[in-house]
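Observations on chain architecture
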Amino acid sequence: MVNKITVVGGGNVGASAALGLAQRELAKEVIIIDIAEGVPQGKGLDQWESAPIEGWDTRVRGTNDYADTANSDIVVITAGIARKPGMSREDLLNTNAGIVRSVSEQVKATSPNSIIIMVSNPLDVMAIVCMKTTGFPRERVIGMAGVLDTARYRSFVALELDCSVEDIQALVLGGHGDTMVPLASYTTVSGIPLSQLLAADRIQALVDRARTGGAEIVSLLKTGSAYYAPASSVVQMVEAIVKDKKRILPCSAWLQGEFGMSDLFLGVPCKLGRNGLEKIIEVELTDEEMAALTKSADAVRETVALLS
Ligand SMILES: NC(=O)c1ccc[n+]([C@@H]2O[C@H](COP(=O)([O-])OP(=O)(O)OC[C@H]3O[C@@H](n4cnc5c(N)ncnc54)[C@H](O)[C@@H]3O)[C@@H](O)[C@H]2O)c1
């Protein structure tokens, strides 16, 4: 357990993540901070009032004041606007860049040693904005996308095979967007290659569904985007860091030569432990997978170029 985890943005993803962190007692204190007055306080109090029933002791509370977040060990940034039907993640770019810049300045001033998990979209670009604004090393700015994209893919494979999600291992690389790269060659079911269990066209259909998994939820909800699975993804990453589990999870990380690329955030296999991003694992890719990863990187760079 660490002392303090702050969740910036007490909306759908932020509030759900705060509850998940508290339920697992990953910190003594979880602070939800938002610009909306009363909302983080109300949600924080409501969550804390569930603690006697659920049996956890993490103090959750909401605030509008960064002084309350001071010296957080981990900061999860979910502040910003979410997609509505017809919007791409890139449509959120400059609104969320302004929000992430101001949040990052406050986090740098009040929690200079924190590890930041970026969630706001467009994810890979918001991670760059945050790293540039805080000046934190790459070990302490990590983007959440691959865990979610992989979970979506695994959930679809489990439905298709009618088997436990727990037995499905998969790796999704690349940017958090339509160019993400689910690696069929690294998908196994209890060690059995997926290609032995499913025909290639079925695998491709599941890959395609995972790629547009976020849009599928947006089109159903109509008023916002997914938050249960995103919040669970945040909790899994934070748990790996707090418990120093050295888990290998796909996360968006600042590349410095890995996979032949530099100076951009992209989804790659990362080892997460108490120091944050402890290692990027360079897996072997087929020519086709490498081409798809390069295309995904180009899409991230194109979005970066639109930053004002
Ligand atoms: N990385 C991923 O895989 C992933 C998954 C889901 C959602 N997201 C992104 O996460 C973000 C949040 O999504 P949501 O569904 O929770 O949205 P939401 O609208 O429910 O919540 C956003 C919250 O941010 C707050 N906010 C706005 N400006 C702020 C500021 N300057 N400081 C503090 N709080 C501020 C708002 O008041 C609101 O409560 C969106 O950008 C969404 O696209 C990313």
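Before any of the text, the structure's been laid out above.
Procedures and definitions
Residues numbered from 1 in each chain as written. Predicted model: local features only at pLDDT ≥ 70, side-chain atom pairs only at ≥ 80, totals over all residues. Heavy atoms only, no water. Buried < 20%, exposed > 50% of the residue type's maximum accessible area, 1.4 Å probe, protein only. Helix = DSSP H or I, 4+ residues; strand = E, 2+ residues; numbered from the N terminus. Pairing = 2+ DSSP bridges. Right-handed = clockwise from strand over helix to strand, strands pointing away. Near = heavy atom within 4 Å. Polar contact = N/O pair within 3.5 Å; in protein donor to acceptor, adjacent residues only side chain to side chain. Areas by Shrake-Rupley, 256 points an atom, 1.4 Å probe, with all protein chains shown as cover. 1 Å grid on protein atoms, 1.4 Å probe; cavity = no way out; pocket = protein on both sides within 12 Å on 5 of 7 lines; lining within 4 Å. Sits in = over half its atoms within 2 Å of the grid points. Points joined across faces, edges and corners; volume = space filled by probe spheres on them. Nonpolar A, V, L, I, M, F, W, Y, C, P; charged D, E, K, R; others polar.

Thoughts on the pairing of strand S5 (residues 115-118)
In S5, alternate side chains face the same way, and those of Ile115 and Ile117 on one face and Ile116 and Met118 on the other are all buried. Relative to S5, strand S4 (residues 74-77) runs parallel, the two being bridged by 4 bridges. Paired with Val76 across the bridge in S5 is Ile117. Taking the sense of rotation as the criterion, the β-α-β connection linking S4, helix H3 (residues 93-110) and S5 turns out right-handed.

Describing the site of the ligand
Surrounding the ligand, one finds 26 residues, the nearest of these being Val13, Asp34, Ile81, Val119 and Met144. Gly11 places a main-chain nitrogen or oxygen 3.5 Å from an oxygen atom of the ligand. For the ligand, an oxygen atom lies 2.9 Å from a polar atom in the side chain of His176. When the ligand sits alone it has 860 Å² of accessible area, and the protein chains cover 85% of it. Counting atoms within 2 Å of the grid points, the majority share of the ligand lands in the largest pocket.

Brief notes about the layout of surface pockets
Approximately 900 Å³ is the volume attributed to the largest pocket. Along its surface, the largest pocket is lined by 42 residues, and Thr78, Ala79, Gly80, Ile81 and Ala82 are the ones closest to its centre. The residue makeup of the lining of the largest pocket, split by class, is 20 nonpolar, 16 polar and 6 charged.

Some thoughts on unusual backbone geometry
In this structure, Pro122 follows Asn121 across a cis peptide bond, with omega equal to -5 degrees. Locating Pro122 in the fold gives a position in the loop between S5 and helix H4 (123-134). Look at Asp162: it is not a glycine, yet its phi comes out positive at around 50 degrees. Within the secondary structure layout, Asp162 lies in the loop between helix H5 (146-161) and strand S7 (168-169). Note on Asp162: relative accessible area 71%, which makes it exposed. You will see that Ser190, though not glycine, has its phi angle at about 50 degrees, which is positive. Counting through the fold element by element, Ser190 comes out in the loop between strand S10 (188-189) and strand S11 (192-193). A residue is classified by how much of its surface remains accessible, and Ser190, at 53% relative accessible area, is exposed.

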